[in-house]
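# Understanding the architecture of this molecule
Take a look at the letters that make up each chain.
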Amino acid sequence: MKNVLAAALCVAASGAWGQAVTVHTGEHKGFTRLAMVLPSQQGWRLGRTDEGYALALDKPVDLNLSGVWRRIGKQRINGLSHDQGSSMLRVALACSACHATAFEMEPGLIVVDIRDGDAPEGSRFEARLVADRPRPRQPEPKQRDVVALPTSRPERGYDWTTLPRNPDVAPPPPALDAFRDAVLRQLADGAARGVVDMVESLPPAPEMTALPPQMRVQQEPGFVPDPKQPLTAEGRICIPAERLDLASWGTEAPVSEALGLARSGLEGEFDVPDTEAVDRAVRYYLHLGFGAEARQLAQAYSLPAEDRRLYSALSRILDGEPVPGGLLAPMADCDGPAALWALLALPAPRPGQPENAGAALQAFTALPQHLRRTLAPLLLERLERRKDTESIRIVQDALLRADPDPDPETRLLVARQATDGEADLAALAAEGGRGSADATVALADRRLSAGTPIDAPTLVALQALAQERDSAALRRLVVLGLASTGDFEAAFREVAHARSAADELWGWLATTGDDNTLLRHAVLPKDAPHPALPLATRIALADRLTDIGLPELAVRWLGDAATLPDATEAERLAAARAAVADRNAPEVVRLLAGLTGKDADALRARADAQPKRAPSPSEAWAQTQELLTVDHPEEGPLGHGRTLAAQAGDTRARIEALLTGTQVQR
């Protein structure tokens, strides 16, 4: 192995790369490392700048920074920049108590470490870097015999050009250039991550042991700073539980006293904000469920951006507002409270992203009762969209178990989600007082959605609430309530103010409206467009019109007659029922072509058993005109005469048949 590394370095040093130099990075305990392999050995300097440090090279080099953030975070380094064609790499620091060191591991292999803690006293890297004047190389001493040999490793590494060479060794062939570059890049990458170390002699082989907990073996090996820190499926660090522990952010003191104490110490001497006191006050607001107040306080006193972003997301969830950004949403598969707040922040599950419902429910049950009541409606809505009935039951039990005598709001919340909660809703509505109006609305919505009419007092209550609250949902219930009581005239007048109820209103008309009401609303002028209704509603209207003897009008609700054979099976069967009622057997055959089943066979049998329908006077006149209109071929007078003589008998017979089978209408 020693010979291979040495050979690779020697081969790499003997030629130029001819491409941009890649900056490799690695995260280690106590420091962050940058490493790069230059095409050739040259002088370099590391010194202080306004934003941190800068590495200046004697010769301009193009640096490739595209992959620097793959293996490091921004705990110590906030930014890396390099102007193309320049000789300086700028390092912006994200930490105040850290310093930089640099060394040349091998000729051309430069390593820069950003380490925790203050710089050592007298560090040469703390000097101000003058970037506009590169330091010239020191001239070689004329008399080498008077220069003392260094007792330690020189700052710029050993000079490999002084090593004795074997003149008989031929230069490497060009075919090895790609191999040389690949080996050198891998060595630099390994040195940056701390998994490769250049040594004079190989150490003894270690005994085979299990991998340390901070090491990961995968397609791209690397390190994590803390093996106990849980990660999401995307590799993000889960938000720690203590940063989401709203239950512990309160006090045992009464709210009136605690609020005053929380706000009294926000500013210290000379009106300087106390960051810790502001943080405690914001957390106490969140514990109480005061989302807007917590968000306003965090912004007014300029808490750290990371904390302010988290508090803003929590406060918007408490206030029932959408959560912008992607701070909480990726935490859905974490363990602990992060899963709960991610579930509350996501209206619908993300495709392919797992969700830890168990951890979310565990965090919900650990909240104080007042926060459970605040978050329960939103959580139940999220779970209902996910069709998670078991989790819905657990949330309901958590609300009722903590309070043996729940208040009306809690009873209403549980009754809305329960499949058998109609009796509880009716009881709450009859009790009056707090929550009775919402119970009336929930009860009416449940009954009307199931197709059950509501009584007159409930309809009057809905109309009053719609005037009071000016809600689109209440206007929809008013329209459907009018239809359920049979007042379709008023319902069609009110639907102009509740367009969302139009489809359901037509459904009520098709199923419960009487014949007179159906004729007033479902029989439209011939040139009037029909409303775009759901397929089931259109078929129900067509069947009603067929049953009362208007098959021609029924077909209009099913679409164009020419395209009906290409429509759905339900539409074709409905049109065939109308054709049977119209005693139009050929149309029945055309509509049912290719259909099988009991319904299609029954319609065919009914059409075959019917007597042939005599054409109407208008149809007979049209057919007569068609027969009397004869195309005359261009064959001269003699050919024209023969054609008329040949068709005269057939025409006369067909006219007589039409006149015989047509009854004159008086």
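Residues numbered from 1 in each chain as written. Predicted model: local features only at pLDDT ≥ 70, side-chain atom pairs only at ≥ 80, totals over all residues. Heavy atoms only, no water.

## Topic: helix 5 (residues 291–300)
Every buried residue of helix 5 is listed here: Gly291, Ala294, Arg295, Leu297 and Ala298. Looking straight down helix 5, one finds that the buried residues subtend no more than 165 degrees of arc, so they occupy a single side. Those residues of helix 5 that are exposed and aimed more than 90 degrees away from the buried face are Gln296 and Ala300. On its buried side, helix 5 packs onto helix 3 (255–264), helix 4 (275–288) and helix 6 (305–318). Trailing helix 5 by a residue or two, Ser302 shows a phi angle of about 50 degrees, which is positive. (Buried < 20%, exposed > 50% of the residue type's maximum accessible area, 1.4 Å probe, protein only. Helix = DSSP H or I, 4+ residues; strand = E, 2+ residues; numbered from the N terminus. Arc of directions from axis to C-beta. Contact = heavy atoms within 4.5 Å.)

## Digging into the sheet that holds strand 8 (residues 88–93)
Ordered in space as 4-5-8-7, the four strands form an open sheet in which the pairing is antiparallel. Here the strands that pair on one side only, and so sit at the sheet edges, are strand 4 (44–48) and strand 7 (77–81). Taken over all neighbouring pairs, the strand axes of this sheet differ in orientation by 15 degrees on average, direction set aside. Summarising the sheet, strand 4 and strand 5 (residues 52–57) pair through five bridges and their orientation is antiparallel. For Trp44, the partnering residue across the bridge sits in strand 5 and is Leu57. (Pairing = 2+ DSSP bridges. Axes fitted to C-alpha atoms, helices over the stretch in contact; angles between N-to-C directions.)

## Let's talk about the state of the cysteines
The tally for this structure, following the rule as stated, stands at two disulfides. With a sulfur-sulfur separation of 1.8 Å, Cys95 is cross-linked through a disulfide to Cys98. Its S-S torsion of approximately 90 degrees makes the covalent link between Cys95 and Cys98 right-handed. Just as Cys95 is buried, Cys98 falls in that class too. The disulfide that involves Cys238 links it to Cys334, with 2.0 Å between the sulfurs. Where Cys238 bonds to Cys334 through sulfur, the torsion about that S-S bond is close to -85 degrees, and the disulfide is left-handed. (Disulfide = S-S within 2.5 Å.)

## Overview of the packing of aromatic side chains
A ring pair, where both rings are aromatic, is described by two values, the distance of the centres and the angle of the planes. Taken as a whole and judged by the stated rule, the model has four aromatic pairs. With a centroid separation of 6.4 Å and an interplanar angle of 85 degrees, the aromatic rings of Trp249 and Tyr311 are classed as edge-to-face. Of this pair, Trp249 sits in the loop between strand 12 (222–223) and helix 3 while Tyr311 sits in helix 6, placing them 62 residues apart in sequence. Owing to a relative accessible area of 8%, Trp249 belongs among the buried residues under this scheme. Ring centres of Phe492 and Trp506 lie 5.3 Å apart, and the angle between their planes is 80 degrees; on these two criteria the pair is classed as edge-to-face. Here the residue Phe492 occupies a position in helix 16 (residues 488–494), and Trp506 occupies one in helix 17 (residues 502–512), the gap between them amounting to 14 residues. The exposure class of Phe492 is buried, given its relative accessible area of 18%. (Phe/Tyr/Trp six-rings, centres within 6.5 Å; stacked < 30°, edge-to-face > 60°.)

## Overview of the nonpolar core
Judged by nonpolar contacts, the single largest core of 58 residues is most densely connected at Val282, Leu286, Leu314, Leu328, Leu340, Trp341 and Phe364. Elements with a contribution of two residues or more to this core: helix 3, helix 4, helix 5, helix 6, helix 7 (337–345), helix 8 (357–365), helix 9 (369–385) and helix 10 (389–401). If you tally residues by element for this core, the top one is helix 7, at eight residues. Apart from the residues lying within four places of it in its own chain, the contact partners of Trp341 are Leu244, Leu246, Leu314, Ile317, Leu318, Leu328 and Leu375. (Core = buried A, V, L, I, M, F, W, Y, C linked by side-chain atoms within 4.5 Å.)

## Section: the pattern of salt bridges
This model, assessed by the stated rule, comprises 25 salt bridges. Among the ionic pairs, Asp515 bridges to Arg544, the shortest N-O distance being 3.0 Å. One end of the pair, Asp515, is in helix 18 (residues 515–522); the other, Arg544, is in helix 19 (residues 535–547), with 29 residues separating them in the sequence. Close ionic contact of Asp601 with Arg604 constitutes a salt bridge, the shortest N to O distance being 3.2 Å. One end of the pair, Asp601, and the other, Arg604, are both in helix 23 (residues 598–609), three residues apart, so they sit about a helical turn from each other. Through salt bridges with shared partners, a single network forms among Glu27, Arg76 and Asp116. (Salt bridge = Lys/Arg side-chain N within 4 Å of Asp/Glu carboxyl O.)

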